[in-house]
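# Descriptive analysis of the structure
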Amino acid sequence: MAERPIGMFDSGFGGLTVARALIDLLPGEDLVYLGDTARYPYGPRPLEEVAGFAEQIAELLVHRWNVKLLVVACNTATAAALESLRDHFDVPVVGVIEPGARALVEATETGRVAVIGTIGTIDSGAYQRAAAAVSEDLDLVALACPGLVEFVERGEFASEQVRLLAQRLLQPAVDAKVDTMLLGCTHYPYLARTIGDVMGRDVVLVSSADETAFDVRRLMLDTGLARERRSGGRATFVTTGDVNWFEELGRKLLGPELDRAERIHWP
Ligand code: DGL
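The notes below deal with the structure included here. All values reported here derive from a predicted model rather than from experimental measurement.

Rules behind the numbers
Residues numbered from 1 in each chain as written. Predicted model: local features only at pLDDT ≥ 70, side-chain atom pairs only at ≥ 80, totals over all residues. Heavy atoms only, no water. Helix = DSSP H or I, 4+ residues; strand = E, 2+ residues; numbered from the N terminus. Rg over C-alpha atoms; globule rule 2.2 N^0.38 Å. Buried < 20%, exposed > 50% of the residue type's maximum accessible area, 1.4 Å probe, protein only. Contact = heavy atoms within 4.5 Å. Areas by Shrake-Rupley, 256 points an atom, 1.4 Å probe, with all protein chains shown as cover. Pairing = 2+ DSSP bridges. Axes fitted to C-alpha atoms, helices over the stretch in contact; angles between N-to-C directions. Parallel < 35°, antiparallel > 145°, perpendicular 65-115°, else oblique. Left-handed = near helix turned anticlockwise from the far one by under 90°. Nonpolar A, V, L, I, M, F, W, Y, C, P; charged D, E, K, R; others polar. Near = heavy atom within 4 Å. Polar contact = N/O pair within 3.5 Å; in protein donor to acceptor, adjacent residues only side chain to side chain. Phe/Tyr/Trp six-rings, centres within 6.5 Å; stacked < 30°, edge-to-face > 60°.

Moving on, we get to the overall build of the protein chain. Secondary structure assignment for the protein chain yields 11 helices and 10 strands. Relative to the compact-globule value of 18 Å for 267 residues, the protein chain shows a C-alpha radius of gyration of 17 Å, a close match. On the principal axes, the C-alpha backbone points of the protein chain span a range of 50 × 40 × 35 Å. Within the protein chain, the proportion of its 267 residues that are buried is 56%. Within the protein chain, counting contacts between residues at least 6 apart in sequence, those at least 24 apart form 76% of the total. Split by element, the accessible area of the protein chain, about 11600 Å² in all, is 48% carbon and sulfur.

What follows is the structure, given as structure tokens:
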């Protein structure tokens, strides 16, 4: 069982932030990453539709790649489907929302914090609930940021347009004088410079990537799913969209481990 790969997915490139953290923390593990780039963005879609996509992808990762554990490397899919995936599959399923909320609470000093995410994630209330479960003393501003994901998928991280959009969307968090902002969409760490410029250098930006990787490691050690070897893990990348673009932008974002991707078509 331990020899099997870890499976993970996102609507596109965002989950590569979590893949990077997993590869760095667990270099002996094999990984299969699926980016559903043909159907991104997930954020504006009804949660039931996203839950259906998550179910379909999990099915593929479990049955075709025989994964031993699933990481839902997408906040929107975590909000939409974490519980149902846990009910339907007999492998452990790790989401990014709870680890993100923990990272946020650990980082704040004043308790005035913000979380930004897709419409689906923010409207689901999942972060508001997860943060309240970790700490009762938070003053939380939750902001949906439609449009940011599309810039990342196009490989546009610091243009004038993305800066203007970020300025408009993040103004309520600037006004609230938060000391910490959680990037509650796995795409957003790629916009950290732009978001950081808008928020100012005193605001700490946190993401769920590292905390999620630590959760995965702890869970695998507790359940005997961790591999013995400490190096030599292989990562496989799969996209439902344009394979050349996935390889080109993915390599820039993740690094040399993404040397090739394979394309799958939904039936
Ligand atoms: N990266 C995903 C998330 O964390 C969603 C992006 C999208 O497709 O809207 O929510």
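Our focus in this paragraph is the sheet that holds strand β7 (residues 180–183). Strand order in the open sheet formed by 4 strands is β6-β5-β7-β8, with parallel pairing between adjacent strands. Because the sheet does not close on itself, it has two edges, and the strands there are β6 (139–144) and β8 (204–207). Neighbour to neighbour, the strand axes of the sheet diverge by 25° on average, direction disregarded. Sheet analysis places β7 next to β8, joined by 4 bridges and oriented parallel. Counted as the bridge partner of T180 is V204 from β8. Running at roughly 175° to β6, helix α8 (residues 160–175) makes contact with β5 (112–117), β6 and β7 of the sheet.

Here we take up the side chain of T76. One can find T76 in helix α3 (residues 75–88). Take T76: its relative accessible area is 3%, and that puts it in the buried class. The residues touching T76, leaving out its near neighbours within four places in the chain, are Y42, G43, L47, V50, T118, G120 and T121.

Assignment of secondary structure puts V71 in strand β3 (residues 69–72). Between the alpha carbons of V71 and T212 there is a distance of 8.6 Å; along the sequence they are 141 residues apart. Discounting chain neighbours no more than four positions away, the residues touching V71 are I6, G7, M8, F9, V18, L22, V94, T212 and V216.

Reading across the sheet, the 6 strands line up as β4-β3-β1-β2-β9-β10 and stay open at both edges, with parallel pairing between neighbours. Looking along the sheet, the strands with just one partner apiece sit at the ends: β4 (93–94) and β10 (261–263). Of the pairings in the sheet, the one linking strand β9 (residues 235–239) to β10 comprises 3 bridges and is parallel in character. Considered in β10, the bridge of V238 is made with E262. The strands touched by helix α2 (residues 47–63) are β1 (6–10), β2 (31–35) and β3; relative to β1, the strand with the most contacts, the crossing angle is about 155°. Packed onto the sheet, helix α10 (residues 209–223) meets β1, β3 and β4 and runs at close to 165° relative to β3.

To continue, consider the packing of helix α1 (residues 16–25) against helix α11 (residues 243–254). Two elements in contact, α1 and α11, have axes whose closest approach is 10 Å; the angle formed by their N-to-C orientations is 50°. By the angle between their directions, the pair α1 and α11 is classed as oblique. Both α1 and α11 take part in a crossing whose hand is right-handed. Between α1 and α11, the contacting residues are L16, A19, R20 and I23 on the first element and G250, L253 and L254 on the second. Class assignment of the residues belonging to the contact of α1 with α11 gives a composition of 5 nonpolar, 1 polar and 1 charged.

What follows covers the site of the ligand. Around the ligand, a shell composed of 13 residues is seen, among which S11, Y42, N75, T76 and H187 lie nearest. One nitrogen or oxygen atom from the side chain of S11 is found 2.6 Å from an oxygen atom belonging to the ligand. One nitrogen or oxygen atom from the main chain of T186 is found 2.8 Å from an oxygen atom belonging to the ligand. Alone, the ligand offers 300 Å² of accessible surface; in the complex the protein occludes 99% of this.

Let us look at the packing of aromatic side chains. Under the criterion given, the structure shown has 5 aromatic pairs. On the numbers, 4.9 Å between centres and 15° between planes, the contact of F13 with F246 is stacked. One end of the pair, F13, is in the loop between β1 and α1; the other, F246, is in helix α11, with 233 residues separating them in the sequence. Relative accessible area serves as the criterion here: at 0%, F246 is assigned to the buried category. With a centroid separation of 6.1 Å and an interplanar angle of 45°, the aromatic rings of Y33 and F237 are classed as tilted. Taken together, the residues Y33 in strand β2 and F237 in strand β9 connect sequence positions 204 residues apart. Each member of the pair, Y33 as well as F237, is classed as buried.

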